[in-house]
Amino acid sequence: MSTLSAVEVTLVRGDITRQTVDAVVNAANSSLLGGGGVDGAIHRRGGPEILAECRKLRASHYGGGLATGRAVATTAGRLDARWVVHTVGPVWSAAEDRSALLESCYRTSLRVAAELGARTVAFPAISTGVYGWPMDDGARIAVRTVLAEAAAPVEEVRFVLFDAAAYDEFERALAAARA
Ligand code: ADP
């Protein structure tokens, strides 16, 4: 059985902090100490336990912060999930192709989630908010990378899209990838 048929990729329009999954991926920043967008929403709803673990990470292995394209897990606090996987997307640049870093966010987050034993993983559209990545290209990279990389024990990868425009781009990207 191929990876493609083993893992279900689903699209949901909504708020990633309202999902019931094993792992929620956070579009964090390198400080790991919170920010706006998805990051702010996760810390608000997940409560102070997540930030406390992030601070411990900064005090130990991640003294310099988390590098772009990398991922690290903490508790999910009060979210209806077991873990938050924090990853740092690249800031969009018209001058430089940073796609490999965005791919790395999806790939590395999936690996971290799989190592923890996650069967269901929710992703936001990493880098497409404050970091300015065009939604069509961000969706293409997200879908392509997840279809190529998701493997057992992960059974479902759910993209949680905040608005209709993002949902439409992911729907298009998924249809194109499956064609
Ligand atoms: P980045 O800094 O990586 O660009 P953002 O959090 O600013 O991350 O935005 C990433 C994407 O997540 C954007 O498309 C934004 O509209 C969307 N988003 C913001 N809040 C939420 C949320 N609560 N649930 C799901 N998606 C969200």
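All figures in this text were calculated on a predicted structure; none of them were measured in a lab.

Rules used throughout
- Residues numbered from 1 in each chain as written.
- Predicted model: local features only at pLDDT ≥ 70, side-chain atom pairs only at ≥ 80, totals over all residues.
- Heavy atoms only, no water.
- Near = heavy atom within 4 Å.
- Polar contact = N/O pair within 3.5 Å; in protein donor to acceptor, adjacent residues only side chain to side chain.
- Areas by Shrake-Rupley, 256 points an atom, 1.4 Å probe, with all protein chains shown as cover.
- Helix = DSSP H or I, 4+ residues; strand = E, 2+ residues; numbered from the N terminus.
- Nonpolar A, V, L, I, M, F, W, Y, C, P; charged D, E, K, R; others polar.
- Axes fitted to C-alpha atoms, helices over the stretch in contact; angles between N-to-C directions.
- Parallel < 35°, antiparallel > 145°, perpendicular 65-115°, else oblique.
- Left-handed = near helix turned anticlockwise from the far one by under 90°.
- Contact = heavy atoms within 4.5 Å.
- Buried < 20%, exposed > 50% of the residue type's maximum accessible area, 1.4 Å probe, protein only.
- Salt bridge = Lys/Arg side-chain N within 4 Å of Asp/Glu carboxyl O.
- Pairing = 2+ DSSP bridges.

Asker: When you look at the site of the ligand in this model, what are you seeing that I'm missing?
Answerer: The environment of the ligand is made up of 16 residues, and the closest members are Ile16, Val38, Ser127, Thr128 and Gly129. Contact distances for the ligand include 2.8 Å between an oxygen atom and a backbone N or O atom of Val38. Tyr131 is positioned such that a nitrogen or oxygen atom in its backbone is 3.0 Å from an oxygen atom of the ligand. Alone, the ligand offers 570 Å² of accessible surface; in the complex the protein occludes 90% of this. Per-element accounting of the shell around the ligand gives the leading share, 3 residues, to helix H2 (residues 37-46). Grouping the constituent residues of the shell around the ligand by class yields 10 nonpolar, 5 polar and 1 charged.

Asker: I keep staring at the packing of helix H5 (residues 135-149) against helix H6 (residues 164-178) and nothing clicks. Help me out?
Answerer: Between two packed helices, what matters for the description is the angle formed by their axes and the separation of those axes. Closest axis-to-axis distance for the H5/H6 pair is 8 Å, and the angle between their directions is 45 degrees. Overall, the two elements H5 and H6 adopt an arrangement that is oblique. The two elements H5 and H6 cross, and the hand of that crossing is right-handed. In this structure, H5 uses Met135, Asp136, Ala139, Arg140, Ala142, Val143 and Leu147 to contact H6, whose residues at the interface are Ala166, Glu169, Phe170, Ala173, Leu174 and Ala177. The class makeup of the residues in the contact of H5 with H6 is 10 nonpolar, no polar and 3 charged.

Asker: How do you make sense of the side chain of His43 when you look at a structure like this?
Answerer: By secondary structure assignment, the location of His43 is in helix H2. Taking the relative accessible area as the measure of exposure, His43 reaches 14% and is therefore buried. The residues contacting His43, other than those within four sequence positions of it, are Asn26, Gly34, Ile50, Leu51 and Cys54.

Asker: Would you take a moment to explain the pattern of salt bridges for this structure?
Answerer: Pairing between side chains of opposite charge can happen when their charged atoms approach one another. Under the definition given, this model contains 7 salt bridges. Across the salt bridge formed by Arg98 and Glu96, the nearest N and O atoms sit 2.9 Å from each other. With relative accessibility at 24%, the residue Arg98 sits in the partly exposed group. Since its relative accessible area comes to 45%, Glu96 is described here as partly exposed. Put simply, Arg111 and Glu149 hold a salt bridge, and the shortest N to O gap is 4.0 Å.

Asker: Is there a simple way to explain unusual backbone geometry in this structure?
Answerer: A negative phi angle is the norm for most residues apart from glycine, just as the trans form is the norm for most peptide bonds. Each neighbour pair has its own omega, and for Ala152 with Pro153 the value is 5 degrees, a cis peptide bond. Summarising the element assignment, Pro153 is placed in the loop between H5 and strand E6 (156-161). At Leu32, a residue that is not glycine, the phi angle is positive and equals roughly 65 degrees. By secondary structure assignment, the location of Leu32 is in the loop between strand E2 (23-28) and H2. When its relative accessible area of 2% is taken as the criterion, Leu32 is described as buried.

Asker: What am I meant to see in the sheet that holds strand E3 (residues 71-75) here?
Answerer: Within a beta sheet, neighbouring strands are joined by backbone hydrogen bonds and run either parallel or antiparallel to one another. Read from one edge to the other, the open sheet built from 6 strands follows the order E1-E6-E5-E2-E4-E3, with strand pairing classed as mixed. On the outer flanks of this sheet lie strand E1 (8-13) and E3, each paired with one strand and no other. Across this sheet, the average inter-strand angle for adjacent strands is 25 degrees, counted without regard to direction. Direction of pairing for E1 relative to E6: parallel, over a ladder of 6 bridges. Its bridge partner lying in E6, Glu8 is registered against Glu156. Seen against the sheet, helix H3 (residues 48-59) touches E3 and strand E4 (83-88) and runs at an angle of roughly 135 degrees to E3. Most of the contacts of H6 go to E1, to which it runs at about 160 degrees, and overall it touches E1 and E6.

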